[in-house]
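# A look at the structure
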Amino acid sequence: MDLSIVIPLFNEDESLPELSAWIEKVMIDNNFSYEIIFIDDGSTDDSWKVIAQLRVVNNHIKGIRFQRNYGKSAALNEGFKASQGDVVITMDADMQDSPDEIPELRKILLDGGFDIVSGWKKKRYDNTISKNIPSKLFNAAARKSSGIKLHDFNCGLKSYNSKVVKSIEIYGEMHRYIPILAKWSGFKKIGEKVVEHRARKYGVTKFGWERFINGFLDLFSIMFVGKFGKRPMHFFGLWGTMCFFAGFSIFTYLTISKFFFDQTGMTQRPIFFVAILIMIIGSQLFLGGFIGELIARNSTERNSYLIEEKIGL
Ligand code: UDP
Ligand code: MG
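Residues numbered from 1 in each chain as written. Chains lettered and ligands numbered in written order. Predicted model: local features only at pLDDT ≥ 70, side-chain atom pairs only at ≥ 80, totals over all residues.

## Description of the domain arrangement of the protein
If you check the domain split of the protein, you get domain 1 (3–228) and domain 2 (233–297). Centre-to-centre, using C-alpha coordinates, domain 1 lies 47 Å away from domain 2. (Domains from an automatic or database assignment.)

## Here we look at the site of ligand 1
Within the structure, ligand 1 sits among 17 residues, and Pro8, Phe10, Ala93, Thr205 and Lys206 are positioned closest to it. Those elements that place two or more of their residues in the shell around ligand 1 are strand S1 (3–9) and helix H3 (72–82). Each residue belonging to the shell around ligand 1 can be placed in one class, and the counts come to 6 nonpolar, 5 polar and 6 charged. (Near = placed C-beta within 6 Å. Helix = DSSP H or I, 4+ residues; strand = E, 2+ residues; numbered from the N terminus. Nonpolar A, V, L, I, M, F, W, Y, C, P; charged D, E, K, R; others polar.)

## So, the sheet that holds S1
With mixed pairing, 7 strands are arranged side by side in an open sheet as S3-S2-S1-S4-S6-S5-S7. In the strand order of this sheet, the two ends are held by strand S3 (61–65) and strand S7 (190–194), each with one partner. On average, adjacent strands in this sheet sit at an angle of 20° to one another, irrespective of strand direction. In terms of strand pairing, strand S5 (residues 116–120) meets S7 through 5 bridges, oriented parallel. Within the sheet, the bridge partner assigned to Val117 lies in S7 and is Gly191. (Pairing = 2+ DSSP bridges. Axes fitted to C-alpha atoms, helices over the stretch in contact; angles between N-to-C directions.)

## Let's talk about the nonpolar core
In terms of nonpolar packing, the biggest core is built from 58 residues, with Ile5, Ile7, Ile89, Tyr177 and Leu181 touching the most fellow members. Once you skip the residues sitting within four places of it in the chain, Ile89 turns out to touch Leu3, Ile5, Val6, Ile102, Leu105 and Ser159. (Core = buried A, V, L, I, M, F, W, Y, C linked by C-beta atoms within 7 Å. Buried ≥ 20, exposed ≤ 12 C-beta atoms within 10 Å, placed from the backbone. Contact = placed C-beta atoms within 7 Å.)

## Some thoughts on helix H1 (residues 16–30)
Between its first and last C-alpha, H1 extends 21 Å over 15 residues, near the 21 Å set by a 1.5 Å rise per residue. Inspection of H1 places Leu16, Leu19, Ser20, Ile23 and Met27 among the buried residues, and these make up the whole buried set. Looking straight down H1, one finds that the buried residues subtend no more than 90° of arc, so they occupy a single side. Residues Glu18, Lys25, Ile28 and Asp29 are exposed on H1 and point more than 90 degrees away from its buried face. Tucked into the core, H1 has its buried residues touching S1, strand S2 (34–40), helix H2 (47–57) and S3. (Expected span 1.5 Å × (residues − 1). Arc of directions from axis to C-beta.)

## Notes on the environment of Glu12
Relative to the assigned elements, Glu12 resides in the loop between S1 and H1. A C-alpha to C-alpha distance of 8.2 Å links Glu12 and Asp46, two positions 34 residues apart in sequence. Those residues within four positions of Glu12 in sequence are excluded, and the remaining contacts are Ser47, Ala93, Asp94 and Gly203.

Here it is, written out as C-alpha cells:
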C-alpha cells in the first residue's frame, strides 16, 4: 500500500465528510493505493457516526474510537500502530491542512530518502498572540535543544517512512516533538516542506493555555529520557558529586580558618549554610541517580535497541 493517512480528531464532525472527499479525490487523481485511518479521540459529537457512514461508501476509510479523550499523541500512536502503508501521512481533521500537499510530501520523502518530511506553516492563519508568537518560542527552544533545524516542529501535516512510525512511541503531549523522538531513535534524515495552511473552517481549537506548560515540560522529559533514559546515574551522579564536593570544599575552608587562623563564629557565616545545603542536595541527587538506575535496570525495555539491519543472522 502506498499511503496511510492518519487523522486524529476530537469533535470534528462537521469537517469529516469534506475532508475525506478531498483526500479521496487527491488519491484517485494520483492513482495511489491508500487507507485513511480516523482516530476518534473520545468525541462527544457525531464524529464517530460520520466516520461509520463514510466507511459505508468508501472502504479505504478505517476508524478507531477511544472510550474517552486521551489526547492527540495517544491518537497518533494508535493510528501509527494500525497503519499499513509504506508512507504514512499525518494531518489534522479540521481542514487547516490541505490534502493537496500529500503527493508532494510523499514524493520528497521517497526521492530524497528522508525519514520524515515535516510541513512548515510558513504563513499561518491562527491567532497571532495565542498561537503564532508562542509557537515561534517553542520552535526556537526545540531547535536549540535538539539540534534539528526545523521551523515548525508541531505541524500536524507530516510524511513518514513507515519504519519511523513503527519505531517510536508517543504519549502525553509529545506529538509536538515527534522529529526529536525520531532523531533519538536514529532517524536523522528529517526534511521540511512549506505547506499551505488554512483558517479553521468549523469548530474550535482543542488546545488551550495548558499547552504552554505541558509543551515545555514534555520538551524537558524528551531531552532527558533521550539522553539519560538508559543511564540516569550519569546525570544525577555527576551533579550530585559536584554539589557534594563544592559543599565539602567550603567545609574544609571553614575548618582550616577555624583551626589555623583562629577565626571564630564559623556557624554564623552564611557560607556555612550554603555548604550544608549543597551537600544535602548533592547526596539527594546521588540517591536519585541510584534509584533511577534501579528502575532502569528493572525495566523490560532496558535492553531493547532498534536494529537497522542484520547480516548472516
Ligand atoms: N485532537 C485530538 N485530540 C485532542 C485534541 C485535538 O485528536 O485531545 C485533534 C483535533 O481534532 C485536530 C488536531 O488534533 O484534528 C489538531 O487540533 P487543533 O486543530 O485543535 O489544534 P490547533 O490547529 O489549534 O493547534
Ligand atoms: Mg487546527
